[in-house]
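Now for the letters of each chain:
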Amino acid sequence: MPPLRVTIWNEYLHELEHDVVAAIYPDGIHGALRGALLEHHPDATVRTATLRESDHGLSTDLLADTDVMLWWGHKAHDEVDDAWAERVQQAVLAGMGLIVLHSGHHSKPFKRLMGTNCSLRWREADEKERLWNLQPSHPILEGIPEHFELAHEEMYGERFDIPEPDETLMVSWFQGGDVFRSLCTWRRGHGRVVYFRPGHETYPTYFDGHVRRIVANAADWSRRRLSRSTREAPQVEALEHVPNPTKEHI
Ligand code: ZN
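Keep in mind that this is a model prediction, so the values were computed, not measured.

K.L.:
Please provide a residue-by-residue account of the coordination of the zinc ion, values included.
P.N.:
Listed as protein donors to the zinc ion are H102 (NE2), E154 (OE) and H200 (ND1); their distances from the metal cover 2.0 to 2.1 Å. In the primary sequence, the donor residues of the zinc ion line up as H-x51-E-x45-H. Here H102, found in the loop between β4 (97–101) and α6 (108–114), pairs with E154, found in strand β6 (residues 147–157); they are 52 residues apart in sequence, far enough to count as distant. A residue is classified by how much of its surface remains accessible, and H102, at 1% relative accessible area, is buried.

K.L.:
Kindly report on the state of the cysteines, identifying the contributing residues and their values.
P.N.:
By definition, a disulfide links two cysteine residues through a covalent bond between their sulfur atoms. With the rule as written, the count across this model stands at 0 disulfides. Free cysteine C118: the closest other cysteine sulfur is in C184, separated by 11 Å. Accessibility expressed as a relative area gives 0% for C184, which makes it buried.

K.L.:
Pulling in residues and values, what's your account of the nonpolar core?
P.N.:
Core analysis: the largest hydrophobic core is formed by 35 residues, its most contacted members being L70, L101, L183, Y206 and I214. Looking at this core, the element that brings in the most residues is helix α7 (residues 209–221), giving 6 residues. Beyond its immediate chain neighbours, meaning those up to four positions away, Y206 contacts Y25, I29, A32, L33, W72, L101, H102, P198, G199, V211 and R212. Counting residues in each nonpolar core, the second largest holds 34 residues, with L58, V92, M96 and M155 among its members.

K.L.:
Can you explain the packing of helix α3 (residues 28–40) against α7? Please cite residues and give values.
P.N.:
It is the contact of α3 with α7, at a shortest axis distance of 9 Å, that shows an interaxial angle of 70°. On the basis of the axis angle, α3 is roughly perpendicular to α7. Like other packed secondary-structure pairs, α3 and α7 cross with a definite hand, here right-handed. From α3, A32, L33, G35, A36, L37, E39 and H40 reach across to α7, where they touch R212, R213, V215, A216 and A219. Of the residues assigned to the contact of α3 with α7, the class counts are 7 nonpolar, 2 polar and 3 charged.

K.L.:
Tell me about the packing of aromatic side chains, residues and numbers included.
P.N.:
Inspection of every chain in the model, using the stated rule, returns 8 aromatic pairs. Site record: aromatic cluster; members linked through ring pairs are F110, Y156, F160, F180, W186 and Y195. One Lys or Arg, R192, reaches over the ring of W221 and ends 4.5 Å from the middle of that ring.

Conventions adopted
- Residues numbered from 1 in each chain as written.
- Predicted model: local features only at pLDDT ≥ 70, side-chain atom pairs only at ≥ 80, totals over all residues.
- Heavy atoms only, no water.
- Donors = N, O, S within 2.8 Å, 3.2 Å for Na, K, Ca; no water.
- Helix = DSSP H or I, 4+ residues; strand = E, 2+ residues; numbered from the N terminus.
- Buried < 20%, exposed > 50% of the residue type's maximum accessible area, 1.4 Å probe, protein only.
- Disulfide = S-S within 2.5 Å.
- Core = buried A, V, L, I, M, F, W, Y, C linked by side-chain atoms within 4.5 Å.
- Contact = heavy atoms within 4.5 Å.
- Axes fitted to C-alpha atoms, helices over the stretch in contact; angles between N-to-C directions.
- Parallel < 35°, antiparallel > 145°, perpendicular 65-115°, else oblique.
- Left-handed = near helix turned anticlockwise from the far one by under 90°.
- Nonpolar A, V, L, I, M, F, W, Y, C, P; charged D, E, K, R; others polar.
- Phe/Tyr/Trp six-rings, centres within 6.5 Å; stacked < 30°, edge-to-face > 60°.
- Lys NZ or Arg CZ within 6 Å of the ring centre and 35° of its normal.

Rendered as structure tokens:
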């Protein structure tokens, strides 16, 4: 396999606007995620793009040159231009992997790919989150124990308004009693989509070793395996002669 080509897209507003978030993520959430990827895939090409850059830091060449994209957004999903949301969606259908993180559940690309509202129940109460490993043999969960805990996280609870996942790999339990499907996969066109729940901006979640391993494993698992547009529907010649009595009669 050639080295992985990753693009991390981050909204990058909380880090600039809130001191508590800036203190946890001085290089941005994208910077922490970049470190996680390079820790496990030192040969990878990891690029970053953010909302307020021209064209949100994206280009059609960049999408074509990306095996897997990570997406973190929260408060400004509406600022993502519809045309770019559609280009990301089409890139996935053509083979690019997409890993949607935490509040990215309401991002335009994810909602387009799911076709549902992707809403959920939530609460910010500094709760403990325990994530259970449902599929220890799955490549995304390689090296991950039966369960692990994050001391403080935002709660996301069911029902999560997503189409039934192809695979539900982890479920989260929260101190307040809620549960949530926290690591799920879907195939869309030629691409693979992963949703991974943890990652609220006021907690150092993306420095947790298990979370970093899952993100890195998911990037490898969802990487592009081919590049083929699904937009064209060409008329084709038959490979073999097909008798057509109606046509021959005329
Ligand atoms: Zn959050």
